[in-house]
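Each chain, letter by letter, is given below.
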Amino acid sequence: MKEKPKYKSLKGMPDILPEQMRIMRWVEKEARSMFHLFGYSEIGTPLLEATEVFARSIGENTDIVEKEMYSFVDRGGKHISLRPEGTASVIRSYIEQCFFENKDLIKLFYTGPMFRGERPQKGRLRQFHQIGVEAIGFSHPQIDAELIFSLNQLLTKLKISGFTVLVNSLGCSNDRKIFEKELKKYLKTRKSDLCENCQKRSEKNVLRVLDCKRELCRKVMEKAPKIASFLCDGCAEDFKTTRDILASLKVAYQVKEDLVRGLDYYTGVIFEVIHPALGAQDALAAGGRYDNLSVQMGGPEVGASGYALGMERLLLAIDEKDLPEYVPGVLIVYIDKELRKEAFELALKLLSRDIGCEIDHSGRSFKGQMRKANREKRPFIILMGSEEVKQKKCLVKNMKTGEQELLAFEKCVDFFGSLGQE
Ligand code: HAM
């Protein structure tokens, strides 16, 4: 047994191992091609931003800003933070780059790591990856419905089943203000029945009490006022239109009256997709409308809406049998160690024609090389023996069918070249 490693990755920030990375890249590829269909272009924003960008948008009193951000003062004395999510950065960029000048709906998507110093558990990491989309420029229920539809399409494309789409509306900022006031009033009368955390939340960030999973808080919330009764006519109508479009698109959803979000910028329709494979951290994706964020961050008054999927959680929900198979390249097996040079030359010929190919560099015996080919499930191997090599030939073997054919080196390259074009 090896000694304990001197250095380990930080808690909640694991390495992404090759097999996991392969699946993540596949998910990203599927997402990219689907977002392009819906007219989204990709944007990249930095991992670090001024702390203010997140504090102003996500909200000073949210858990993320209060205790989960990786914030520090740089050498120039600037307060900066690792991004805990993507929306604030995209809006910062939208304003900074004056995207609003062409008065169109700007559709952007992004992928990449986010950082939150939460207590790690299954599906909850400190460095995790999101795929996010933002539609900025207008406020319309059709946009919200299209977003939820695209999310549903993507999950279906990834062959994820058994998920549930939950929707709710938080109303406009005016509705929200009235509701928060009423909720606070109610919670004041039940304060002693709440958990310690919710007692604090009921004063500072009252909507979060709706999200508490503790039994005693859930009991208190059963009798609490419901946001639905506080929606103005416009917000109620928008919420109904979004639901009607979803129904016409046959996107199954459930209205969850107490659905809230952990970020402060939402107004209007919000949604979440949950999946039973995830356990306690059951949200695969979440988002909603955030019409006030641009103004809040010093930009123009524009409607906006979006969502983000958690990559690590997607990986938990994807069934292994639905993953694309990894097909390794050809392995050149040389029977005699003396043939290593010729084997390498043939490998380079294949590689220069973009044909995946490797030889064993570690000097394994013939048997050892064959074991490697079987273990790695190589679909083809090329066998090189001294007699064949003298004639500049090799044996191409299909490992599935067992069929083999003696081919001149050039013909062998052409054979694999033509396979690649099929
Ligand atoms: P969020 O709900 O904070 O929203 O995160 C979106 C998704 O990221 C979650 O549903 C979950 O799948 C994943 N996620 C969040 N935290 C973690 C974690 N600690 N470990 C693993 N996965 C995690 C947002 O971030 C908003 N910016 C979404 C949005 C975009 N709203 C509008 N546009």
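Just so it is clear, the structure is predicted and the values come from calculations on it, not from any experiment.

## Describing the side chain of Glu49
- Within the secondary structure, Glu49 is located in strand β2 (residues 48-50).
- Residue Glu49 is classed as buried on the basis of its relative accessible area, which comes to 6%.
- Beyond its immediate sequence surroundings of up to four residues, Glu49 is in contact with Phe54, His79, Ile80, Ser81, Ser89 and Arg92.

## Brief notes about the site of the ligand
- Near the ligand you find 25 residues, and of these Glu85, Glu118, Glu134, Arg261 and Tyr266 are the closest.
- Gln130 is positioned with one of its side-chain polar atoms (N or O) 3.0 Å from an oxygen atom of the ligand.
- Between a nitrogen atom of the ligand and a side-chain N or O atom of Glu134, the distance comes to 2.7 Å.
- For the ligand, the protein covers 96% of the area, taking 660 Å² as the surface of the free molecule.
- Contributing elements (two or more residues each) for the shell around the ligand: β6 (127-137), β10 (283-289) and β11 (303-310).
- Here the element with the most residues in the shell around the ligand is β10; it accounts for five residues.

## What about the domain arrangement of the chain?
- Segmentation of the chain into domains returns domain 1 (18-172 + 250-321), domain 2 (173-231) and domain 3 (330-418).
- Measuring from the centre of the C-alpha atoms in domain 2 to the corresponding centre in domain 3 gives 68 Å.

## Thoughts on the sheet that holds β11
- Spatially, the eight strands line up as an open sheet ordered β1-β5-β6-β11-β10-β9-β7-β8, and their pairing is mixed. Of all the strands in the sheet, just β1 (41-42) and β8 (254-255) have a single pairing partner and so form its edges.
- Relative to β11, β6 is paired through eight bridges, and the arrangement is antiparallel. From the neighbouring strand, Ile136 faces β11, where its bridge partner is Ala304.
- Its contacts with the sheet place helix α5 (residues 141-157) against β5 (106-115), β6, β7 (164-169), β9 (269-274), β10 and β11, and it is angled at close to 15 degrees to β11.
- Its contacts with the sheet place helix α9 (residues 233-248) against β7, β8 and β9, and it is angled at close to 160 degrees to β7.

## As for the packing of aromatic side chains
- Counted according to the given criterion, the structure contains 12 aromatic pairs.
- Where Tyr265 meets Tyr266, the ring centres are 4.8 Å apart and the plane angle is 55 degrees; that geometry is what we call tilted. Take Tyr265 and Tyr266: they sit in the same class, and that class is buried.
- One aromatic cluster is present, built from ring pairs that chain together Phe35, Tyr40 and Phe109.

## Things to note about the environment of Asp264
- Tracing the backbone through its elements, the reader meets Asp264 in the loop between β8 and β9.
- The spacing of Asp264 and Ser33 is 231 residues in sequence and 31 Å in space, taken between C-alpha atoms.

## A few points about the pairing of strand β12 (residues 330-334)
- Burial within β12 is extensive, with five of its five residues counted as buried.
- Two elements, β12 and strand β13 (residues 357-359), share three bridges in a ladder whose sense is parallel. The residue of β13 that forms the bridge with Val330 is Cys357.
- As paired elements, β12 and strand β14 (residues 380-384) share four bridges and run parallel to each other. Residue pairing in the sheet places Val333 in a bridge with Leu383 of β14.

Rules behind the numbers
Residues numbered from 1 in each chain as written. Predicted model: local features only at pLDDT ≥ 70, side-chain atom pairs only at ≥ 80, totals over all residues. Heavy atoms only, no water. Helix = DSSP H or I, 4+ residues; strand = E, 2+ residues; numbered from the N terminus. Buried < 20%, exposed > 50% of the residue type's maximum accessible area, 1.4 Å probe, protein only. Contact = heavy atoms within 4.5 Å. Near = heavy atom within 4 Å. Polar contact = N/O pair within 3.5 Å; in protein donor to acceptor, adjacent residues only side chain to side chain. Areas by Shrake-Rupley, 256 points an atom, 1.4 Å probe, with all protein chains shown as cover. Domains from an automatic or database assignment. Pairing = 2+ DSSP bridges. Axes fitted to C-alpha atoms, helices over the stretch in contact; angles between N-to-C directions. Phe/Tyr/Trp six-rings, centres within 6.5 Å; stacked < 30°, edge-to-face > 60°.

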